[in-house]
Amino acid sequence: MLLSGKATPLLCLSGDHHGRKLTPSRKHGFSCKSKTVLSVLKSDGAQPGASPGTAQNFHQLLLATQQSIIREAESLDSSGQTFLIDKWATAPSRSGVTAVMQDGCLLEKGAVNISLVQGKLTPERAMAMSSRGRGIHHAGGQSYSAAALSLVFHPANPFVPTLRADVRLFQVEGQSWYGGGCDLTPAYLFEEDARQFHKFWKATCDKHHADLYPKYKAWCDDYFYIPARQEHRGIGGIFFDDLEAKDAPFDVSQFVKDVAEGMLSSWRDIATKRQATPFSDEQRQWQLLRRGRYLEFNLLYDRGVKFGLSGGRLESIMVSAPPLIAWRYNVVPEAGSAEAELIAVLQKPVDWTSHTT
């Protein structure tokens, strides 16, 4: 892809795929009369600073983290747009709080979601867990509960990377496992941003154990891989699963809390540095093509999406999808272009904490 055309500053984008500047708007059923996020979450008793040592404390951590992220994201976006808060319950055993912003200056779409689920393990789910060494009988039928906070920020500017992060707790009949992570999916690669992001998460991991970052970085690279494309979805970060507190040589609950509190902090400076960078229509189109890859991974390979689609609330699951995407036949970036540079890195992950230009 040869980049051409005059690049113009674009500080706000409201859903226009040609990159034209539009006035931020309320669309798609978003109401200015919705409850404010603070009143909704305050009524649920979120306790800032709670340590997720128990399921109750973990739920409080999720609520407090969601509240903090929404408040800061609205401030960073600076468009006046706010998150729609949708408290939902599809059954006594399935509930959550979905928070969504669209058509902002920084965030073309952002979602920060909590889900709480209880049920019985299906044989398929039990088999998958058993295959990962969780000690679950493959026949299924065991009672389980799951709680998670997930974040996906799709920026308006192609030079700001997409941010995805989550923390989660899965319990089966007295056994508990934590999972989570945080990763970047850029449309354009800035090596200094990649190094900054990975060094943030290395420092976070190193506070708890020296082995965590290399292990969780490699796990992230392996997990967010699109076999059909033979490329990784993004430039990675950290990813962990099946983390059991009783077997760990570090404080797992504090580590998970640090991951939750670091989600937005790891991305904030990168986003504010890049959000006003001028870009062309062609660069916007490349961003939409890369978003297509993002959605391909989610629908074809992501375990969380597959689990949610087996009986979850569709709107809360698909809220992570980009607001606009593009697929074009056999797009091959021009050799030596910025787009080709990105693809080369996606095909062969880099150790960003030791990488220098």
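Overview of the structure. Note that this is a predicted model, so its numbers are computed, not measured. (Residues numbered from 1 in each chain as written. Predicted model: local features only at pLDDT ≥ 70, side-chain atom pairs only at ≥ 80, totals over all residues. Heavy atoms only, no water.)

With that settled, the discussion passes to helix 7 (residues 265-274). By the burial criterion, the buried members of helix 7 are Ser-266, Trp-267, Ile-270, Ala-271 and Arg-274. With its buried residues spanning 100 degrees around the axis, helix 7 presents them on a single face. Residues of helix 7 that are buried sit in contact with strand 3 (107-120), strand 4 (143-155), strand 5 (162-172), strand 6 (175-185), helix 4 (191-206) and helix 6 (252-262). (Buried < 20%, exposed > 50% of the residue type's maximum accessible area, 1.4 Å probe, protein only. Helix = DSSP H or I, 4+ residues; strand = E, 2+ residues; numbered from the N terminus. Arc of directions from axis to C-beta. Contact = heavy atoms within 4.5 Å.)

Turning our attention to the packing of helix 4 against helix 6. At their nearest, the axes of helix 4 and helix 6 sit 10 Å apart, and the two run at 160 degrees to each other. Here helix 4 lies roughly antiparallel to helix 6, going by the angle between them. Crossing angle aside, the handedness with which helix 4 passes helix 6 is right-handed. Between helix 4 and helix 6, the contacting residues are Phe-200, Trp-201, Thr-204 and Cys-205 on the first element and Phe-255, Asp-258, Val-259 and Gly-262 on the second. Grouping the constituent residues of the contact of helix 4 with helix 6 by class yields 5 nonpolar, 2 polar and 1 charged. (Axes fitted to C-alpha atoms, helices over the stretch in contact; angles between N-to-C directions. Parallel < 35°, antiparallel > 145°, perpendicular 65-115°, else oblique. Left-handed = near helix turned anticlockwise from the far one by under 90°. Nonpolar A, V, L, I, M, F, W, Y, C, P; charged D, E, K, R; others polar.)

Counted by the stated rule, this structure contains 5 cavities of 30 Å³ or more. Approximately 990 Å³ is the volume found for the largest cavity. Together, 44 residues line the largest cavity, and Ala-148, Ser-150, Asp-302, Gly-304 and Val-305 are the ones closest to its centre. Mapped onto the lining of the largest cavity, the elements with two or more residues apiece are strand 3, strand 4, strand 5, strand 6, strand 9 (236-243), helix 8 (281-300), helix 9 (303-309) and helix 10 (314-318). Split into classes, the residues belonging to the lining of the largest cavity amount to 22 nonpolar, 10 polar and 12 charged. In this model, the second largest cavity occupies a volume close to 90 Å³. Lining the second largest cavity are 13 residues, and of these Thr-162, Thr-185, Ala-187, Gln-287 and Arg-291 sit closest to its centre. The leading source of residues in the lining of the second largest cavity is helix 8, at 4 residues. Split into classes, the residues belonging to the lining of the second largest cavity amount to 7 nonpolar, 4 polar and 2 charged. (1 Å grid on protein atoms, 1.4 Å probe; cavity = no way out; pocket = protein on both sides within 12 Å on 5 of 7 lines; lining within 4 Å. Points joined across faces, edges and corners; volume = space filled by probe spheres on them.)

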